[in-house]
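Analysis of the macromolecular model
The lines below spell out each chain.
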Amino acid sequence: MKTYLEPEFIVERNDDRCIRCKVCVNQCTYETHYYDEEDDQVLSRDENCVNCHRCVVFCPTHAITIKPNPTRYTENWNWSDEAIFTLKKQAESGAIVITGMGCDKPYLTYWDRILIDASQVTNPSIDPLREPMEIQTFLGAKPDRLEMEYNNGDIVLQTELAPQLTCETPIMFTALSYGAISFNVHTALARAATEFGTYMNTGEGGLDEQLYKYGDHIIVQVASGRFGVHAKYLDAGAAVEIKIGQGAKPGIGGHLPGEKVTEDISRTRMIPVGTDALSPAPQHDIYSIEDLRQLIYALKEATDYTKPVSVKIAAVHNSAAIASGMVRAGADIIALDGVRGATGAAPKVIRDNVGIPIELALASVDKRLRDEGIRNHASVVAAGGIKSSADVVKAIALGADAVYIGTAALVALGCTVCQGCHTGKCPWGIATTDPWISRRVNPDIATQRLVNLLRGWSLEIKEMMGGMGINAIESLRGNRDRLRGVGLTDTELRILGIKMAGD
Amino acid sequence: MIPAHLMGAVEIRGNAAYIDASNLYYKDLNKILRSLGNPEKTIHIRNVYGQRYIGTDLDQEMEIHIHGTPGNDLAAFMDGPAIYVHGNAQDGVGNTMNGGKVIVHGRAGDIVGHSMRGGEVYIRDDVGYRCGIHMKEYKEKRPTLVVGGTAQDYLGEYMAGGVLAVLGLTLGEDLVHKARFIGTGMHGGIVYLRGKARSLGKEVDAVPMKEDDHERVQSIIDSYRKHFGVEKELPTSSFTKLVPVSKRPYGRLYVH
């Protein structure tokens, strides 16, 4: 069938600059560039280009420019180019259109409508360069009250505390499964988390035994497919996370195609090479809050009550009620993943239309748990669309204990958010299991880039806190009075629990 | 070490331990089990009244006899022990089990063998819904789930590996299993049914038994007889073999 799809991008090559070094030819995993020996020219197949910028960055003479195809369909607000493009693709395949990364639709990003307060004259600001600034964060259930005894002037804690995760910064690396991302990226995330004193989440594809040594800084995930889940794996992590849902694809399962199940992936997922790894939509032992409690306690039994158990859900309409049930079911940590949360592969129609923004979910969950007097029984981690340290500060002021970052961490490693993760050909060596492409990520350099990101954001968080006259992140948590909204309706302000700027 | 306040519930005689579970919370019962195993290789638990998670995460070679009715998630994540239940079991027997044995002298509830990756589970009588769901295999790990009676709907759903055999001993003369949607989403492993299925998932197909299938079924029947002592003749020719139509049931579902 002749395709009616036109190239989305046009590759322009400045021939005066091109030195025929063929770096672009070698770097492009989509075979966009090729060298024509007869004419001694490098040429491009525009239809293959995904606009990942790999060739642009690596071209030594800056000869390449990628442009959106200037040929547009007749302007029409209803029938956008994207709508026509997607529809044609389906007419040619009869299949579900798959994409990668998070929702790219212009639903309001509430972070960008929220402003942070600062001290002026009264309640003076603090200079974090000279004064201590505490951003260490503990994740896990906190007791209702503490009982202490005095013993010869020493205070001895009598209350037995629930197991906690200790984060040196309130930022963790979200669930990115080995299989969706390469081994080198998994390694770099584990090493960076260890070096900085925070956590990485394995995602649902298991954990390679070589990375068990970083286990004190790893959250091991248990999802509906139970891939790679066994006693040693559960013991290897610092916490266990039950994955119920994911922001990019609430309510549906996952599917790692057989082509990506290589020898190494097969070993950690514990399935034969080349078979599809199907994660069913629900966990089939969880059809109710009572069933969730059963799995939470099965995992607590399996880890002898030494590790916090997290439960991750996609942010949906009734998240607040579900979160209340999750806390009552015994979850020590609740992870909420908003509509902009990313994925290695999801149906585009789901990614772009299902779920709710994390800001609204977070605010309503935090309020519900406080209203019910159970907020201390679990920590809340916000995920899905955190792209700067300001977003972290706003999330914490809205009630989060910490945040998960995924896309932001991958961007630090070179990702340009081209949304081609599902192809397995990531030219940056990130979202691929191809051993040849994976080598493009050097674990040492990648670790350094991730640590730099955490350091930069942590310094910025301290600056913002100092500006507010706050010297401990505990004083920022749920402190919505230090936030103001701009351009929001009364209903939005009410749900976010913040005032309008100027009020 | 058994915690001091639980010592009263345990009696140790040589290599055997006897636990009275009548007043034990599951947490305490499991705490005791985790502290046994050396040298207590045989453990008898009496008066079991629905305690959950018995045997969870245990990884030593030992024999546990349960007298009574164990609760949900018996032998979850287990990797080694052999558990004999002298009574019925509830839901989730062998959930995500990695190795070992569970032999139930009675019936069991739903999702028996959920995501089981290794070891053997034998249920003497009937089981509930979604049994054998997402069983998988990996290299030398190949789980076996044997049901003496029959099962409810969605038997072997999403099955990705291993062997699931249903002997139909509680069925009538017609030998028709009433479960609907057997093997829905199945993409690996084998199901052997003695008799016929009323309703198959669209991802499975009944294929003729080959020589090695007859041998495998015979050895399953032999083990079943050994455990439960059934007299009835069970010719392997009365079995139907079900396999997935494709290893990639959802291959044509997506476009990039």
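Every value quoted in this text rests on a predicted model; they were computed, and no experiment measured them. (Residues numbered from 1 in each chain as written. Chains lettered and ligands numbered in written order. Predicted model: local features only at pLDDT ≥ 70, side-chain atom pairs only at ≥ 80, totals over all residues.)

**Notes on the nonpolar core**
All names here are of chain A. L189, I334, L336, V381 and V403 are the most contacted members of the largest nonpolar core, which has 220 residues in total. The greatest single-element share of this core, amounting to nine residues, is contributed by helix α14 (residues 443-468). If we ignore the near neighbours within four places in the chain, the residues touching I334 are V311, A323, M326, V327, A378, V380 and V381. (Core = buried A, V, L, I, M, F, W, Y, C linked by C-beta atoms within 7 Å. Buried ≥ 20, exposed ≤ 12 C-beta atoms within 10 Å, placed from the backbone. Helix = DSSP H or I, 4+ residues; strand = E, 2+ residues; numbered from the N terminus. Contact = placed C-beta atoms within 7 Å.)

**Some points on the domain arrangement of chain A**
All names here are of chain A. Along its sequence, chain A is organised into domain 1 (9-95) and domain 2 (162-500). The straight-line distance from the C-alpha centre of domain 1 to that of domain 2 is 33 Å. Between domain 1 and domain 2, the contact holds 10 residues from the first and eight residues from the second. (Domains from an automatic or database assignment.)

**Examining the sheet that holds strand β14 (residues 239-244) of chain B**
The strands making up a sheet associate through backbone hydrogen bonding, with each pair oriented either parallel or antiparallel. Residues and elements named next belong to chain B. Read from one edge of the open sheet, 12 strands run β1-β2-β3-β4-β5-β6-β7-β8-β9-β11-β14-β13, paired in mixed fashion. Single-partner strands in this sheet number two, and they are β1 (10-13) and β13 (204-207). Averaged over all adjacent pairs, the angle separating strand axes in this sheet is 15°, with direction ignored. As paired elements, strand β2 (residues 16-20) and strand β3 (residues 42-49) share five bridges and run parallel to each other. In the strand pairing of β3, Y18 is matched with H44. This element, helix α2 (residues 211-228), spans β6 (99-104), β7 (120-123), β8 (144-147), β9 (160-166), β11 (188-194) and β14 of the sheet and lies at about 60° to β9. (Pairing = 2+ DSSP bridges. Axes fitted to C-alpha atoms, helices over the stretch in contact; angles between N-to-C directions.)

**With respect to the interface of chain B and chain A**
Note: interface size is frequently given as the accessible area lost on complex formation between the parts. Across the boundary between the two partners, chain B contributes 36 residues, which contact 30 residues of chain A. Inspection of the sheet shows strand β5 (residues 96-99) of chain A paired to strand β15 (residues 254-255) of chain B by two bridges, in the parallel sense. If you follow I96 of chain A over to β15 of chain B, its bridge partner there is Y254 of chain B.

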